[in-house]
Amino acid sequence: MRPRSRTNPSHSSDSKERPVRNLVLVLGDQLNEGSAAWEGFDKERDVAWMAEVKGEATRVWSHKSRVAIFLAAMRHFRRSLEKRGIRVEYRCLEDPSNRGGFIPELVRTVQRLKPERLIMVEPGEWQIREGFREAAADLGVGLEIRNDTHFLCSHEEFAEHARGRKQLRMEYFYREMRRRTGVLMDGDQPEGGKWNYDAENRSGPEPEAIGKLRPPRRFPPGADTREVLAQVEEFFGGHPGSLEHFDWPVTREQAEQALQDFVQNRLPSFGRYQDAMWTGEPYLYHSRLAAAMNLKLLDPRRAIEAAEDAYRSGQAPLNAAEGFIRQILGWREYVRGVYWRYMPDYLEQNVLDARLPLPDFYWTGETDLNCLHQAIGQTLQYGYSHHIQRLMVTGLFALLLGVHPKAVHEWYLAVYVDAVEWVELPNTLGMSQFADGGIMASKPYAASGRYIERMSNYCKDCRYHPGRAIGDDACPFTTLYWDFLARHADTLSSNGRMSLQLRNLKRKGTDELREIRAKAAELQERLAPSS
Ligand code: FAD
Ligand code: SF4
């Protein structure tokens, strides 16, 4: 039976039609009442437009939690706009006349309201921005796309940073951002004398630290969110993932509470255990804030400020505060810069000529490779895995196997609650798959099972042995690692940062390497049959 809707299913909060000056378009990842879209907004003459459309959930086969977090946050945002007296043209998912896509929905609204102008903040996806531009041109109505001031670095500033550089590197960008914002600075020098404390942020898991973990604050779904969960089950029941554990922040207030909980309870150890992985502990010392930030419920300046305050008041050590701030002020801004600078061609990059399909177990977690079973299982349960699980387990395996970067991209865009293309694509295609030939990362993140053994407790419960490349119990990561190096030795030989790994490859005897390569071919055929 279709659940009865608590939200007002009619499309407008004001049934009386009146001439509309500006129609302000608000997408699901633009839930920011302080965004540039609202500058000059006049409640008497302007109207907000929001649409829940099935196409956004099915374009990639989205995890149920990813669909749910967008819808729940949008509905809460609509309410808060209406409370402020803003008229919202809102199309609910369950509305039988819902046309299923942004553009058909927009066309209908524009034809009915005949606004003088459309206004929006730049969308987080190139294709969507183009779609709106084309639609506005077809409709003969002006579209003003405003800068997204949620970010600390504008497109112009990123272009200025990139000007004249042969190669972009996050570290130099990050230093510039520190200088420009004054964050963690001591005069014109970095706080503590070093820009980066990454070397102190690579501890493997330590059982005593795991024992002291405090679970992150949960946000059990309220009535509105429960309604969304029921609708997601109804409309997207066949999609991957579970809603059983859905507890994400979906309002601005909850996002702030999640930040405070992180800063008090997990930030102090964030730096040290940033790269560690542990069975049954999906979040460890991570913040879980990416989704709230990407939906724009949380301002990155607020997260940076809270971490810096914790350091300055002695609540968190410098390596933790710096490590966290680097992710937001550095990586997050940097990947956005890369995305907009290189799209749309970026999406087609495949310098390693990887062609295989994604193994089916990425959608089920059913595999006897324990690290993948854990990381994918957790992803399906929560819509979350942390950076090292994404980069050095699921991403690494796809890289070593030779999966087509677009297939890998579609998986990452589908399965995480924080997935939005501007941030997902450079991380996946660039950082984890090296398909961009080194724009995002100076070398491929290629490693054997030994890395996973060092950084997790996964290997001790696995039927494979991380140190073995051949034999019945050879770890598939290790087999594929040597095969990957051999396969790409020519391409990678000009990269100085790969020389140690390539020298180690040369030490392998011919027979051993032949055996490894035959085993790798067998694995590729079994796990990712090309036809
Ligand atoms: P924490 O570990 O607590 O980090 C703090 C914050 O820093 C995050 O919330 C995030 O906003 C930011 N951050 C950290 N690393 C990065 C990074 N590499 N790029 C951009 N921001 C970063 N992040 C997304 O927000 N959306 C994605 O779709 C996404 N896809 C990814 C795909 C791959 C293959 C990889 C390797 C990384 C991806 N990341 C993505 C980056 C990172 O893994 C997530 O931001 C992080 O795991 C989210 O969990 P958290 O909020 O607990 O982060
Ligand atoms: Fe993963 Fe290999 Fe370790 Fe098994 S042995 S958990 S497959 S790295």
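Okay, so let's go over this structure.

Reading the values: the criteria
- Residues numbered from 1 in each chain as written.
- Chains lettered and ligands numbered in written order.
- Predicted model: local features only at pLDDT ≥ 70, side-chain atom pairs only at ≥ 80, totals over all residues.
- Heavy atoms only, no water.
- Core = buried A, V, L, I, M, F, W, Y, C linked by side-chain atoms within 4.5 Å.
- Buried < 20%, exposed > 50% of the residue type's maximum accessible area, 1.4 Å probe, protein only.
- Contact = heavy atoms within 4.5 Å.
- Phe/Tyr/Trp six-rings, centres within 6.5 Å; stacked < 30°, edge-to-face > 60°.
- Helix = DSSP H or I, 4+ residues; strand = E, 2+ residues; numbered from the N terminus.
- Near = heavy atom within 4 Å.
- Polar contact = N/O pair within 3.5 Å; in protein donor to acceptor, adjacent residues only side chain to side chain.
- Areas by Shrake-Rupley, 256 points an atom, 1.4 Å probe, with all protein chains shown as cover.
- Nonpolar A, V, L, I, M, F, W, Y, C, P; charged D, E, K, R; others polar.
- Expected span 1.5 Å × (residues − 1).
- Arc of directions from axis to C-beta.
- Salt bridge = Lys/Arg side-chain N within 4 Å of Asp/Glu carboxyl O.
- Pairing = 2+ DSSP bridges.
- Right-handed = clockwise from strand over helix to strand, strands pointing away.

A general tendency of soluble globular proteins is for nonpolar side chains to be buried together. Judged by nonpolar contacts, the single largest core of 158 residues is most densely connected at Leu267, Leu372, Phe397 and Phe477. Among all residues touching leucine 267, those that are not within four sequence positions of it are Phe262, Ala307, Ala310, Ala316, Ala320, Ala321 and Phe324. Counting residues in hydrophobic clusters, the runner-up holds 18 residues, among them Leu106, Val110, Ile128 and Ala136.

Let us look at the packing of aromatic side chains. As enumerated under the stated definition, the model contains 28 aromatic pairs in all. Here the aromatic rings of tryptophan 38 and phenylalanine 41 are separated by 5.2 Å at their centres, their planes lie at 65 degrees, and the arrangement is edge-to-face. Among the residues examined, phenylalanine 41 registers a relative accessible area of 18% and is labelled buried. Ring geometry for phenylalanine 102 and phenylalanine 132: centres 5.8 Å apart, planes at 40 degrees, overall tilted. Placement of the pair is phenylalanine 102 in helix H3 (residues 102-113) and phenylalanine 132 in helix H4 (residues 126-139), with a sequence separation of 30 residues. Phenylalanine 102 sits in the buried class, given a relative accessible area of 13%. A relative accessible area of 1% means that phenylalanine 132 is categorised as buried.

Attention now goes to the side chain of histidine 286. You can see histidine 286 is positioned in the loop between helix H10 (267-270) and helix H11 (290-294). Exposure remark for histidine 286: the relative accessible area of 7% places this residue in the buried category. Those residues in contact with histidine 286 that lie beyond four places of it in its chain are Phe262, Arg266, Phe270, Tyr273, Gln274, Tyr384 and His386.

On to the site of ligand 1, then. Taken together, 30 residues form the shell around ligand 1, and within it His286, Ser287, Arg288, Asn294 and Tyr384 come nearest. Histidine 286 is positioned such that a nitrogen or oxygen atom in its side chain is 2.7 Å from an oxygen atom of ligand 1. The side chain of tyrosine 384 places a nitrogen or oxygen atom 2.7 Å from an oxygen atom of ligand 1. Protein burial of ligand 1: of its 810 Å² of free accessible surface, 99% is covered by the chains. Its residues assigned to classes, the shell around ligand 1 comprises 15 nonpolar, ten polar and five charged.

Moving on, we come to helix H22 (residues 510-527). For H22, which comprises 18 residues, the first-to-last C-alpha distance of 25 Å matches the rise-based estimate of 26 Å (1.5 Å per residue) to within 8%. Among the residues making up H22, those that are buried are Ile516, Lys519, Ala520, Leu523, Gln524 and Leu527. The buried residues of H22 all sit within an arc of 145 degrees when viewed along its axis, so they share a single face. Exposed positions of H22 whose direction lies more than 90 degrees from the buried face are Thr510, Asp511, Arg514, Glu522, Glu525 and Arg526. Buried residues belonging to H22 abut helix H15 (387-401) and helix H19 (476-487).

Moving on: the pattern of salt bridges. Evaluated as defined, the whole model comprises 48 salt bridges. Put simply, aspartate 148 and lysine 296 hold a salt bridge, and the shortest N to O gap is 3.1 Å. Of this pair, aspartate 148 sits in the loop between strand E5 (142-146) and helix H5 (155-162) while lysine 296 sits in the loop between H11 and helix H12 (300-312); the two residues are 148 residues apart in sequence, bridging distant segments of the chain. Classification of lysine 296 as buried rests on a relative accessible area of 7%.

Moving on, we get to the side chain of arginine 146. Tracing the chain through its elements places arginine 146 in strand E5. Taking relative accessible area as the criterion, arginine 146 reaches 14% and is therefore assigned buried. Only 2.7 Å separates the side chain of arginine 146 from the side chain of glutamate 144, close enough to count as a polar contact. Ignoring sequence-local partners within four residues, the contact set of arginine 146 consists of Ala36, Ala37, Trp38, Glu39, Arg117, Ile119, Met120, Val121 and Glu122.

So, on to the pairing of strand E4 (residues 117-121). Look at any regular strand and the pattern is simple: side chains alternate between the two faces of the sheet. By the criterion of burial, E4 is predominantly enclosed, with four of the five residues buried. Looking at chain direction, strand E1 (residues 22-25) and E4 are connected through four bridges and run parallel. Looking across to E4, one finds that leucine 25 is bridged to methionine 120. As judged from the five bridges shared by E4 and E5, these two strands associate in the parallel manner. The residue of E5 that forms the bridge with valine 121 is arginine 146. For the handedness criterion, the β-α-β arrangement of E4, H4 and E5 is classed as right-handed.

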